[in-house]
Amino acid sequence: MKTIEAIEKAAAALARIPPDKLLHFIGGMIVWHVVWRVTKNSALATLVTIAVAVLKEQAYDRWMNKRAAARGEAPPHTVDGNDSVATTLGGIAQWLTHL
């Protein structure tokens with residue numbers, strides 16, 4: 001019974017995480033894993049994941065929003081630091097599985 005209860009609690013907790021944050025988490029896992037497969041360097045994979053997370057939010061999303069504003073369109077992205085955190089956590093989760 002305890003195992004089923006733990007699984008139900010975990011599922012309920014996951015259901016409360018916004019889908020966007022889960023996608024960022026998975027994206028961070030993918031970035032980390034690709035860099036690690038190419039370099040076999042966990043530290044580099046983690047640093048690249050952090051860089052990609054921050055650059056995607058702070059540079060790419062801002063740039064896309066400015067382009068949309070110049071065309072008179074609504075901004076297509078929100079710039080959210082929590083997205084960077086979720087992406088970074090995905091990379092850290094991958095790193096922890098490779099210790």
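Heads up: the structure comes first, above all this text.
In this text the structure is predicted, and so the values were computed from the model without any measurement.

Visitor: I'd love a proper account of the packing of aromatic side chains, names of residues and values included.
Guide: Applying the stated criterion across every chain, the model contains two aromatic pairs. An angle of 10° between the planes, with centres 6.1 Å apart, marks the rings of Trp32 and Trp36 as stacked. Taken together, the residues Trp32 and Trp36, both in helix α2 (residues 19-39) and four residues apart, mark about one turn of the helix. Of the two residues examined, Trp32 and Trp36, each falls in the buried class.

Visitor: Help me get a handle on the environment of Pro75, residues and values and all.
Guide: Among the secondary structure elements, Pro75 is positioned in the loop between α3 (42-70) and α4 (81-97). Distance from Pro75 to Ala13, taken between C-alpha atoms, is 31 Å for residues 62 residues apart in sequence. The residues contacting Pro75, other than those within four sequence positions of it, are Asn65 and Ala68.

Visitor: A description of the packing of α3 against α4 should follow, citing residues and the corresponding values.
Guide: Following both chains from N to C, one finds α3 and α4 inclined at 165°, their axes separated by 8 Å at the closest point. When the interaxial angle is binned, α3 and α4 end up roughly antiparallel. Here α3 runs over α4; the crossing is right-handed. Residues Ser42, Thr46, Thr49, Ile50, Ala53, Val54 and Glu57 of α3 form the contact with α4, whose own contacting residues are Asp83, Ser84, Thr87, Thr88, Gly91 and Trp95. Its residues assigned to classes, the contact of α3 with α4 comprises four nonpolar, seven polar and two charged.

Visitor: Before we move on, could you go through the pattern of salt bridges and cite the residues and values that matter?
Guide: A side chain of one charge can pair with a side chain of the opposite charge when the charged atoms of the two come close. Scanning the entire structure with this criterion turns up six salt bridges. Put simply, Lys21 and Asp83 hold a salt bridge, and the shortest N to O gap is 2.6 Å. Residue Lys21 is found in helix α2, and its partner Asp83 is found in helix α4; the two are separated by 62 residues along the sequence. Side by side, Lys21 and Asp83 carry an identical accessibility label, which is buried. Residue Lys56 pairs with Asp61 through a salt bridge whose shortest N-O separation is 3.0 Å. Among the charged side chains, a salt-bridge network with shared partners connects Asp20, Lys21, Asp80 and Asp83.

Visitor: Please set out α3 residue by residue, giving values where relevant.
Guide: With 29 residues, α3 should cover 42 Å at 1.5 Å per step; its first-to-last C-alpha distance of 41 Å lies within 8% of that length. Where α3 bends most, at Lys56, the angle is about 40°. Contacts from the buried residues of α3 go to α2 and α4. Here α3 starts with a cap whose side-chain oxygen sits 3.1 Å from the backbone nitrogen of Ala43, and that cap is Asn41. At the exit of α3 stands Gly72, carrying a positive phi of roughly 80°.

Thresholds applied
Residues numbered from 1 in each chain as written. Predicted model: local features only at pLDDT ≥ 70, side-chain atom pairs only at ≥ 80, totals over all residues. Heavy atoms only, no water. Phe/Tyr/Trp six-rings, centres within 6.5 Å; stacked < 30°, edge-to-face > 60°. Helix = DSSP H or I, 4+ residues; strand = E, 2+ residues; numbered from the N terminus. Buried < 20%, exposed > 50% of the residue type's maximum accessible area, 1.4 Å probe, protein only. Contact = heavy atoms within 4.5 Å. Axes fitted to C-alpha atoms, helices over the stretch in contact; angles between N-to-C directions. Parallel < 35°, antiparallel > 145°, perpendicular 65-115°, else oblique. Left-handed = near helix turned anticlockwise from the far one by under 90°. Nonpolar A, V, L, I, M, F, W, Y, C, P; charged D, E, K, R; others polar. Salt bridge = Lys/Arg side-chain N within 4 Å of Asp/Glu carboxyl O. Expected span 1.5 Å × (residues − 1). Bend = angle between axes of the 7 residues up to and from the residue. Polar contact = N/O pair within 3.5 Å; in protein donor to acceptor, adjacent residues only side chain to side chain.

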